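Residue-level listing of the chains:
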Amino acid sequence: METKILKLKLKIWRQKNANSVGSFVDYDVSVSPDASFLEMLDELNNKLESQGLEPVVFESDCREGICGTCGLVINGQPHGPIPRIATCQLHMRNFKDGDTIWIEPFRAKAFPVIKDLMVDRSGFDKILQAGGYISANVGGAQDANMIPIPKDVASEAFDAAACIGCGACVAACKNASAMLFVSAKISHLGLLPQGQPERYRRVDRMIKVMDELGFGSCTNTYACEAECPKGISVKFIARMNRDYIAAKLKSKTLEQV
Amino acid sequence: MIKLESKVPSGNISEKWTNHKFNLKLINPANKRKYTIIVVGTGLAGASASATLGELGYNVLTFTFHDSARRAHSIAAQGGINAAKNYQNDGDSVYRLFYDTVKGGDFRAREANVYRLAEVSGNIIDQCVSQGVPFAREYGGLLDNRSFGGAQVSRTFYARGQTGQQLLIGAVASMNRQIDLGTVKLFTRREMLDLVVIDGQAKGIVVRNLVTGEIEKYSAHAVVLATGGYSNVFFLSTNAMNCNTTAIWRSHKRGALFANPCFTQIHPTCLPLHGESQSKLTLMSESLRNDGRVWVSKIKNDMRQPNDIPEEERDYYLERKYPSFGNLSPRDISSRAAKEVCDEGRGVLGGEAVYLDFRDAIKRLGRNVIEERYGNLFEIYETITGDNPYQVPMKIYPAPHYTMGGLWVDYNLMSNLPGLFVLGEANFSDHGANRLGASALMQGLADGYFIIPYTMGDYLASYKPTLVDTSHPEFEKVKNEVQETTKKLLSIKGKRTVDDIHKQLGRIMWDKVGMARNEKGLKEAISQIRNLREEFWTSVNVPGSGDDVNQTLERAGRLIDYLELGELMAIDALNRNESCGGHFREEYQYEDGEAKRDDENYSYVAAWEFKENFNWELHKENLVFEYVKPAVRSYK
């Protein structure tokens, strides 16, 4: 086991609440390279608390890269320098002794800062609550094997469903677009036979809410895919756009929605 | 005087649930919307309950401390969900799943509940598929299965290594649909801090708004708790950082009985500790034991690298001790076996870890197959440890993972307090003294999709509870008590941090109320926990205020409850003079080290009633086994 300790300079965004102006505050920390990035912040907070100071507010929960709660911009990159992991999976062995690390919240108009590094991502749920589901009441389901689904279709639906809803795609995008997130949900459900009846109604409603919430447009920079901890592909955005156009062409019944 | 009535219906076990459903009273569809139901928690049990109650037309208020319902810790379940579909034609049946679960729980679960769980397991898979859960499939388009510990059939359905995530996304989507339709109202970033009981019935909850700090009151005709387990009492566990016992513990202090608190599951395949700063332990799915072989060196303090240890000097101890189940032996048995070889000094480099090796599986099946089955788990492992498990065996060690104990409930999943229902890991009902792998997801969804929708109607129709206004003096009283506690926490300004005290509690729990327990250690634990509790109230330091986001305050509130629950866990473990499942008392074992159960004296559910000044009164629900006759649980 490695015993070397890293000495680092942290520049952390502190902001009292949504209405106040924030700024970077400097902290010096020493940490084991085996520790995770968030464990480093835990240690810093423990030190601040022992001095009676308010710790840095940041969110995390599962610390296994699956719940999507954590999300920091580290040296300018959502979830930090290592591709395809969430912030909680980043370990300190990826940094060098003496490094300076800049830590900021996800920034987007639709993700207002609540305090320090904690942001409000409830817009994502509002989009999902506008049709991001398959209408299937409990009690009426047929035997599961009555709906055979080709392995590659199930697998592609899974690739889209792997989204953890962290919001890194929005934070990475210069337009703060949520198209990767929304298209992942639309593709997950739209690829499966069970999702067909509501396919076009769904895309129409979800995109409408997405636009209303102030998320930007997609200009094909692919920054979202590059920063996505689950590697969700931008091909789903193309797929969503096709469905959206189809929905508009079929929109006779949709106008009443 | 509390009388425990399990309300298990009479009749043959295979007909109990069917008959019971017919006998339960109904609420007319037009009247359902007049009833308000509070659901706390949005994991599999809470989200599925909210969705289903909403579908029926009830007015549902759902609460979560997360910013989004989808983040509940069910999401982290990796391996799979059991169901007695027998799609593999390998001899599975409802009865076999029932049998395996009762035996796996070491004969400390209620037979009727377990049978019902097995009975609805198949419907769960049907429901999930209809919602769009992308389970793994064969090339023919049909569903695939894998094996899990404690079973000799393949009945586990999975979605790569992210089954919990996909099931939760499905359940939350169903709930989102009800939110869209207006039957469910979701309150995020709210933590339940107390239960309001009026005239003996659960009437509402008091929550803290985690953003504004405001203490809010909500009333309902019934309250459903689906708030998960309490493994974080150990500080280090595989639970998420924010998992806590507050909702069920504070309900316990308001009169709900806490059953079998000492039944905790230590999961055999977690990543070993890396150091003092560690915040949590990471689980590696049990599914890895389908193809991975567990071993240690035959020599004590062997300092060689694993790949330098020749085959004949390796001890595949699970295959040696339990030849019929081998690496798929149940969790309690596998964990204890790992502890045993490490205590002998044969762990990895003489320390606390054993190897989980895929060398032979890669040789047999090829790297591609292993990558397809476990690719994401291998990636997680490499990210955390820096080791590549395709080349070097994984290092694993047991860690607290799941708690079988929880609030006592009857067959209708209602606690002894009328109107308070408890679902999923938060109740005690289905897993006895040890839960089998891939059964937690099954129970959460069974409770939420298929049981509560029936039993809730019966409660409302039989008790005819009224809705109390939140201006009622009892609501005010509870709110004031919650505010007083907050004020007190903020005013102590002592020298110790919350985590510092929590870590100390965790060490006491792990050393003395962990994988192996004995009378002396348990008595020491009780007095140490009491002292630590006193120290907490004089020397904790909670900076900041109660009027905005204050995560230290949140953690301090949860720690209050762990410091009380920890004591009850030790008391329960001390009371149970036998070894069974996850509860291993060193005084009660056979010569070969296997657990020695005492059916004559301890075939009961220990349900504890909270009394003044941290005294508890024990109530017993005797367990009757009509179908699966208790026997020494052998996996040899």
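Residues numbered from 1 in each chain as written. Chains lettered and ligands numbered in written order. Predicted model: local features only at pLDDT ≥ 70, side-chain atom pairs only at ≥ 80, totals over all residues.

(A) Examining the overall build of chain A more closely. What chain A contains, in helices and strands, is eight helices and seven strands. Expressed as a percentage of the 257 residues in chain A, the buried residues total 54%. In chain A, the proportion of contacts linking residues at least 24 apart, taken out of those at least 6 apart, comes to 71%. (Helix = DSSP H or I, 4+ residues; strand = E, 2+ residues; numbered from the N terminus. Buried ≥ 20, exposed ≤ 12 C-beta atoms within 10 Å, placed from the backbone. Contact = placed C-beta atoms within 7 Å.)

(B) Local environment of the overall build of chain B. Secondary structure assignment for chain B yields 17 helices and 19 strands. Its C-alpha atoms give chain B a radius of gyration of 24 Å, within 12% of the compact-globule value 26 Å for 636 residues. In chain B, which comprises 636 residues, the share counted as buried stands at 61%. For chain B, the share of sequence-separated contacts (at least 6 apart) that also reach a separation of at least 24 residues comes to 75%. (Rg over C-alpha atoms; globule rule 2.2 N^0.38 Å.)

(C) Expanded view of the sheet that holds strand E1 (residues 36-40) of chain B. Residue and element names in this part refer to chain B. A sheet is described by the order of its strands in space; here five strands give the open sequence E5-E2-E1-E9-E17, paired in parallel fashion. Here the strands that pair on one side only, and so sit at the sheet edges, are strand E5 (184-187) and strand E17 (420-422). Ignoring strand direction, the axes of neighbouring strands in this sheet form an average angle of 20°. Relative to strand E9 (residues 222-225), E1 runs parallel, the two sharing four bridges. (Pairing = 2+ DSSP bridges. Axes fitted to C-alpha atoms, helices over the stretch in contact; angles between N-to-C directions.)

(D) Up close: the environment of Ser60 of chain A. Structurally, the position occupied by Ser60 of chain A is in the loop between helix H1 (37-50) and strand E3 (73-74). On the neighbour-count criterion, Ser60 of chain A (23 C-beta atoms within 10 Å) is buried. In this structure, the C-alpha to C-alpha distance between Ser60 of chain A and Cys88 of chain A, residues 28 residues apart in sequence, is 7.3 Å. Excluding residues that lie within four positions of it along the chain, Ser60 of chain A makes contacts with Leu38, Thr69, Cys70 and Cys88 of chain A together with Met241 of chain B.

(E) Representation of the domain arrangement of chain A in the model. All names here are of chain A. Per the domain assignment, the segments making up chain A are domain 1 (6-109) and domain 2 (121-256). In this assembly, 16 residues from domain 1 lie in contact with 13 residues from domain 2. Broken down by class, the residue content of the side of domain 1 that touches domain 2 amounts to eight nonpolar, five polar and three charged. (Domains from an automatic or database assignment. Nonpolar A, V, L, I, M, F, W, Y, C, P; charged D, E, K, R; others polar.)

(F) Region of the structure containing the pairing of E9 of chain B. Residues and elements named next belong to chain B. Along E9, one buried face is formed by Ala222 and Val224 and the opposite face, lined by Val223 and Leu225, is buried too. Taken together, the three bridges between E9 and E17 define a ladder with parallel strand orientation. Following the sheet pairing, Leu225 is matched in E17 by Val422.

(G) Up close: the sheet that holds E3 of chain A. All names here are of chain A. Taken in spatial order, the five strands line up as E2-E1-E5-E3-E4 in an open sheet, and their pairing is mixed. What marks the edges here is a single partner per strand, and that holds for strand E2 (23-31) and strand E4 (77-78). Summarising the sheet, E3 and strand E5 (residues 100-104) pair through two bridges and their orientation is antiparallel. Bridged to Val73 within E5 is Glu104.

(H) Region of the structure containing the confidence of the model for chain B. For chain B, mean pLDDT is 96; residues scoring 70 or higher make up 100% of the total. This complex was scored by the predictor with a pTM of 0.97 and an ipTM of 0.97. (pLDDT = per-residue confidence, 0-100.)

(I) Broad picture of the domain arrangement of chain B. Residues and elements named next belong to chain B. In terms of domains, chain B is made up of domain 1 (268-400) and domain 2 (473-595). Once you take the C-alpha centre of each, domain 1 and domain 2 turn out to be 31 Å apart. Facing the six residues of domain 1 at the interface are six residues of domain 2. Counting residues per element, the side of domain 1 that touches domain 2 draws most heavily on helix H9 (residues 331-343), which supplies five residues. The class makeup of the residues in the side of domain 1 that touches domain 2 is one nonpolar, one polar and four charged.

(J) Geometry of the nonpolar core. Counting 286 residues, the largest nonpolar core has Val170 of chain A together with Ile37, Val224 and Leu407 of chain B as the members making the most contacts within it. Excluding its chain neighbours within four sequence positions, the residues that come into contact with Val170 of chain A are Phe106, Ala108, Ala110, Phe111, Ala176, Ser177, Ala178 and Phe215 of chain A. (Core = buried A, V, L, I, M, F, W, Y, C linked by C-beta atoms within 7 Å.)

(K) Quick peek at the interface of chain A and chain B. Listed by partner, the interface residues are 69 residues for chain A and 64 residues for chain B. Considered class by class, the residues forming the side of chain A that touches chain B number 31 nonpolar, 23 polar and 15 charged.

(L) Geometry of helix H14 (residues 498-512) of chain B. Look at H14 of chain B: 21 Å from first C-alpha to last across 15 residues, which is about the 21 Å you get at 1.5 Å a residue. Burial in H14 of chain B covers these residues: Val498, Asp499, Ile501, His502, Leu505, Gly506, Ile508, Met509 and Lys512 of chain B. (Expected span 1.5 Å × (residues − 1).)

(M) Inspection of unusual backbone geometry at higher detail. Despite not being glycine, Ala176 of chain A has its phi angle at roughly 50°, a positive value. Judged by local crowding, Ala176 of chain A falls into the buried class, with 20 C-beta atoms found within 10 Å. Unlike most non-glycine residues, Lys464 of chain B shows phi in positive territory, near 45°. Tracing the backbone through its elements, the reader meets Lys464 of chain B in the loop between helix H12 (440-463) and helix H13 (473-492).

(N) Quick look at the pairing of E1 of chain B. Residues and elements named next belong to chain B. Within E1, four of the five residues are buried, which leaves it mostly tucked inside the rest of the structure. Where E1 meets strand E2 (residues 59-63), five bridges bridge the pair, whose relative direction is parallel. Across the sheet, residue Val39 finds its bridge partner in E2, namely Thr62. In this view, the connection linking E1 to its parallel neighbour E2 by way of helix H3 (residues 44-56) has right-handed handedness. (Right-handed = clockwise from strand over helix to strand, strands pointing away.)

(O) Structural detail: H1 of chain A. The first and last C-alpha atoms of H1 of chain A sit 20 Å apart over 14 residues, in line with the 20 Å expected at 1.5 Å per residue. Of all the positions in H1 of chain A, only Phe37, Leu38, Glu39, Met40, Leu41, Asp42, Asn45 and Glu49 of chain A are classed as buried. In this structure, the buried residues of H1 of chain A make contact with E2 of chain A together with helix H16 (551-575) of chain B. At the C-terminal side of H1 of chain A, Gly52 of chain A shows a positive phi close to 75°.

(P) Structural context of the packing of helix H3 (residues 151-161) of chain A against helix H5 (residues 179-191) of chain A. All names here are of chain A. Two elements in contact, H3 and H5, have axes separated by 8 Å at closest approach and are oriented at 160°. With respect to H5, the axis of H3 lies roughly antiparallel. Of the two possible hands of crossing, H3 and H5 adopt the one that is left-handed. Counted together, Val153, Glu156, Ala157, Ala160 and Ala161 of H3 and Ala184, Ser187, His188 and Leu191 of H5 form the full contact between these two elements. For the contact of H3 with H5, the residue count by class is six nonpolar, two polar and one charged. (Parallel < 35°, antiparallel > 145°, perpendicular 65-115°, else oblique. Left-handed = near helix turned anticlockwise from the far one by under 90°.)

(Q) Examining the environment of Phe236 of chain A more closely. Residue and element names in this part refer to chain A. Assignment of secondary structure puts Phe236 in helix H8 (residues 235-249). Along the backbone, Phe236 and Ser135 are 101 residues apart, and their C-alpha atoms lie at a distance of 22 Å. Among residues more than four places away in sequence, those in contact with Phe236 are Ala160, Ser183, Ala184 and Ser187.

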